[in-house]
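Observations on the three-dimensional arrangement
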Amino acid sequence: MTANLPVVHPEKVLAPVLLVRGEYDGIATVADLEEFYNRLPNGDRQFIILPGTAHSVALAINRQLFWHVTRVFLTMPTPIAT
């Protein structure tokens with residue numbers, strides 16, 4: 001599974017992006033995700049590492065952290081000037 005990462009070309013992702021990783025996620029390294037994140041063309045992006053979670057952040061004991069950052073990302077106000 002991890003031999004073919006990333007499965008998406010980041011340059012083609014034009015939508016806003018919330019990239020979430022668990023602190024103990026063993027699938028992709030922080031360096032791999034930073035490289036992907038830095039290649040995203042949209043400036044409306046966030047990279048979050050959640051403490052006390054692994055790969056399944058939505059089901060983790062600390063899943064409330066995931067739902068919090070998701071809610072905040074989705075309800076962020078539109079910038080006045082860009």
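Nothing here was measured: the structure is a model prediction, and the numbers come from that model. Just so you know, the residues in each chain are numbered from 1, in the order the chain's sequence is written. Reporting in this predicted model follows two pLDDT cut-offs: at least 70 for local features of residues, and 80 or more for side-chain atom pairs to be given and counted; totals over whole chains, interfaces and linings ignore these cut-offs and use all residues. Only hydrogens and water are removed before side-chain values are computed, so all heavy atoms of the structure are retained for them.

What to know about the packing of aromatic side chains
Rule in force here: Stacked, tilted and edge-to-face are the three classes assigned to paired rings of Phe, Tyr and Trp, where Trp is represented by its six-membered ring and a pair needs centres within 6.5 Å; plane angles under 30 degrees give stacked, over 60 edge-to-face, the rest tilted. The cut-offs for exposure are 20% and 50% of the maximum accessible area for each residue type, with area from a 1.4 Å probe on protein chains only; residues under the lower value are buried, those over the upper are exposed, and the others partly exposed.
Within the structure shown, the criterion is met by 2 aromatic pairs. Ring plane angle 65 degrees and centroid distance 4.7 Å describe the contact between Phe66 and Trp67, whose orientation is recorded as edge-to-face. Overall, the relative accessible area of 15% leaves Phe66 in the buried class. We classify Trp67 as partly exposed; its relative accessible area is 42%.

Some words on the nonpolar core
The nonpolar side chains of a soluble globular protein tend to be buried, and buried together. For the record, the criterion: By nonpolar core we mean a set of buried residues, namely Ala, Val, Leu, Ile, Met, Phe, Trp, Tyr and Cys, connected to one another through side-chain atoms within 4.5 Å. Put simply, DSSP marks the helices as runs of H or I at least four residues long and the strands as runs of E at least two long, and each gets a number from the N terminus on. Whether two residues are in contact is decided by their heavy atoms, any of which lying within 4.5 Å being enough.
Judged by nonpolar contacts, Val17, Leu19, Ala28, Leu33, Phe36, Tyr37 and Leu40 together constitute the single largest core of 7 residues. Among the secondary structure elements, those contributing two or more residues to this core are β1 (17–22) and α1 (30–38). Top element by residues in this core is α1. It accounts for 3 residues. In this structure, Ala28 is in contact with Arg21 and Leu33, ignoring residues within four places of it in sequence. Counting 5 residues, the second-largest nonpolar core is a separate cluster that includes Leu50, Val57, Phe66 and Val69.

What to know about the pairing of β1
Here is the rule we go by: The pairing criterion is simple: DSSP has to find at least two bridges between the two strands. Look down the strands so they point away from you; if going from the first strand over the helix to the second traces a clockwise path, that crossover is right-handed.
Across 6 bridges, β1 lies against strand β2 (residues 45–50) in parallel orientation. Across the sheet, the residue bridging to Leu18 is Gln46, located in β2. For the crossover that starts at β1, traverses α1 and ends in the parallel β2, the hand is right-handed.

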